[in-house]
Amino acid sequence: MGVLDNISVSTTDVRIERHANQLSRQLKLLRDKLFPPLSQKTLRTFSSGEAAQMIGVSDGYLRQLSLDGKGPQPDLAQNGRRSYTLGQINELRHYMAKLKPKDALSYQPWRRPGEKLQTVAVTNFKGGSAKTTTTLYLAQYLALAGYRVLAIDLDPQASLSSMLGVQPEFDLSEGDTLYGAIRYDEGRKPLKEIVRKTYFDGLDLVPGNLELMEFEHETPRALNDRQRPGELFFRRVGVAIAEVEADYDIVVIDCPPQLGYLTLGAVCAATSLLITIHPQMVDVASMSQFLLMTSDLLSVVRKAGGDLQHDFIKYVVTRHEPFDAPQSQIVALLRSLFSDDVLTATILKSTAIADVGLTKQTLYEIEKGQVRRSTYDRALESVNAANGEVLAGIHKAWGRA
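Residues numbered from 1 in each chain as written. Predicted model: local features only at pLDDT ≥ 70, side-chain atom pairs only at ≥ 80, totals over all residues. Heavy atoms only, no water.

- If you check an unreviewed UniProt entry, the protein appears there as Replication protein A from Rhizobium johnstonii.

Pasting the structure below:
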């Protein structure tokens, strides 16, 4: 029986390895087809009308600046239409802030002296709650609004990294994830060496991959090794982020879909929490267990000296179908229980979000004509409303009106 068991285990092991290699080769072929080796993901340009709205000036004013040769010069199409890159829009924000210092905050909303770095951890114990999608859209929304944003991918599945143009399986070497900055041995390196620019101006990334699991494996050994110096596990994420604090206004963390050492570290490093909820009874029941376990573990961390003071904790309803009666009942239940801790806006389940995700894009990246206008507008309105509430919470923490 023991021999047969060993054969069975070996056969399964070999089969899974074969599947992994087959999938890896196919993904590489697909990647080379969609993104040739020397190509990089790029962001579309924005019309002068879009740029003016983002900056907070009129299109006519922007046109006059262009005619006067002030600020970055837009690309001029044959039909006379002007378009700007996001980088140029941010240059114009800086130009306007210097031109009108009294209104600088409305043009360039970077945090001011005395306003602490805001770190938003997006978390949920159960997969399928659109946690990574929520993180991605929030990070891009903030970057489009002119903030300096750092996205940290703490999920070993690395979907956030992939959406932001990094292929974890091919583009990363050892130590190129947050693990490189929080590991316990001499291989630790500064976070500044790990952060990489993305194609999305104003949005930088600390990518993730399976290497992050090493932290989950090493932490129990580090806790048992009392002779090993250094910060405790729940402080290490925060200490790493503090190294690049001066470069950013807001950090957004995509947590793993389980309550491990990485998630606890992110929660302790965060100034606010977003908990995603898919309004199905099985998901809500799972979240109940998640909250109970989180409470128990965080009480232990707090007693050990962990900082658990958060500016706000918000639940965001995702993949919402407002005309589904059972979902409406669950959303009403959540609001009755948690009141203002549930975002007023919900993120709708939308074919537009799902379809553009297949090409590793978001609604912020595509041209409006790529999906049906009504579907696009409805989905984007829900995403913007939810993200706007999160930003309002950040402004409140900063003491802004």
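## Let's talk about the overall build of the protein
Phase 1: For the protein, the helix and strand inventory stands at 16 helices and 10 strands.
Phase 2: Its C-alpha atoms give the protein a radius of gyration of 23 Å, near enough to 21 Å, the size a compact globule of 401 residues would have.
Phase 3: Here the C-alpha coordinates of the protein stretch approximately 80 × 55 × 50 Å along the principal axes.
Phase 4: When each of the 401 residues of the protein is scored for burial, the buried share is 49%.
Phase 5: The contacts of the protein with a sequence gap of at least 6 include a subset with a gap of at least 24, amounting to 76%.
Phase 6: For the protein, the accessible area works out to roughly 20,200 Å², and carbon and sulfur atoms hold 54% of it.
Phase 7: Here the protein contributes 46 positive and 47 negative side-chain charges, whose respective centroids are spaced 4 Å apart. (Helix = DSSP H or I, 4+ residues; strand = E, 2+ residues; numbered from the N terminus. Rg over C-alpha atoms; globule rule 2.2 N^0.38 Å. Buried < 20%, exposed > 50% of the residue type's maximum accessible area, 1.4 Å probe, protein only. Contact = heavy atoms within 4.5 Å. Areas by Shrake-Rupley, 256 points an atom, 1.4 Å probe, with all protein chains shown as cover. Lys, Arg positive; Asp, Glu negative; His and termini not counted. Charge placed at Lys NZ, Arg CZ, Asp CG, Glu CD.)

## Notes on the sheet that holds strand β5 (residues 149–153)
Within a sheet, adjacent strands bond to each other through the backbone by hydrogen bonds, running parallel or antiparallel.
Phase 1: Pairing in this open sheet of seven strands is mixed, and the strands run β6-β7-β5-β8-β4-β9-β10 from one edge to the other. Each edge of the open sheet is held by one strand with a lone partner, namely β6 (196–197) and β10 (312–317).
Phase 2: Alignment of strand β9 (residues 272–277) against β10, held across six bridges, turns out to be parallel. Bridge assignment links I277 to a residue of β10, and that residue is V317.
Phase 3: Against the sheet, helix α13 (residues 281–303) engages β4 (118–123), β9 and β10, with an angle of about 150° to β9. (Pairing = 2+ DSSP bridges. Axes fitted to C-alpha atoms, helices over the stretch in contact; angles between N-to-C directions.)

## Some thoughts on the domain arrangement of the protein
Phase 1: On domain assignment, one finds that the protein holds domain 1 (44–105) and domain 2 (116–396).
Phase 2: One C-alpha centre belongs to domain 1, the other to domain 2; they are set 32 Å apart.
Phase 3: Each side of the interface is counted separately: domain 1 has nine residues, and domain 2 has 11 residues.
Phase 4: Taken together, the links from domain 1 to domain 2 amount to zero salt bridges.
Phase 5: Across the contact surface, domain 1 and domain 2 share three residue pairs in polar contact (both at pLDDT 80 or more).
Phase 6: Among the secondary structure elements, those contributing two or more residues to the side of domain 1 that touches domain 2 are α2 (48–55) and α4 (86–99).
Phase 7: At four residues, the largest contribution of residues to the side of domain 1 that touches domain 2 is made by α4.
Phase 8: Split by residue class, the side of domain 1 that touches domain 2 holds three nonpolar, three polar and three charged. (Domains from an automatic or database assignment. Salt bridge = Lys/Arg side-chain N within 4 Å of Asp/Glu carboxyl O. Polar contact = N/O pair within 3.5 Å; in protein donor to acceptor, adjacent residues only side chain to side chain. Nonpolar A, V, L, I, M, F, W, Y, C, P; charged D, E, K, R; others polar.)

## What about the packing of aromatic side chains?
Phase 1: Scanning the entire structure with this criterion turns up seven aromatic pairs.
Phase 2: Note on Y137 and Y364: the rings are 5.5 Å apart at their centroids and 50° apart in plane angle, and the pair reads as tilted. Linking Y137 in helix α6 (residues 131–144) with Y364 in the loop between α15 (351–358) and α16 (373–398), this pair joins segments that are 227 residues apart in sequence. The same class applies to Y137 as to Y364, namely buried. (Phe/Tyr/Trp six-rings, centres within 6.5 Å; stacked < 30°, edge-to-face > 60°.)

## Side note on the side chain of T119
Phase 1: Mapped onto the elements, T119 comes out in strand β4.
Phase 2: Filtering out sequence-adjacent residues up to four positions away, T119 remains in contact with I241, V251, I253, A269, A270, T271 and S272.

## Comments concerning the sheet that holds strand β3 (residues 82–84)
Phase 1: Pairing is antiparallel across the open sheet formed by three strands, whose spatial order is β1-β3-β2. Strands with a single pairing partner mark the edges of an open sheet, and in this sheet they are β1 (46–47) and β2 (75–76).

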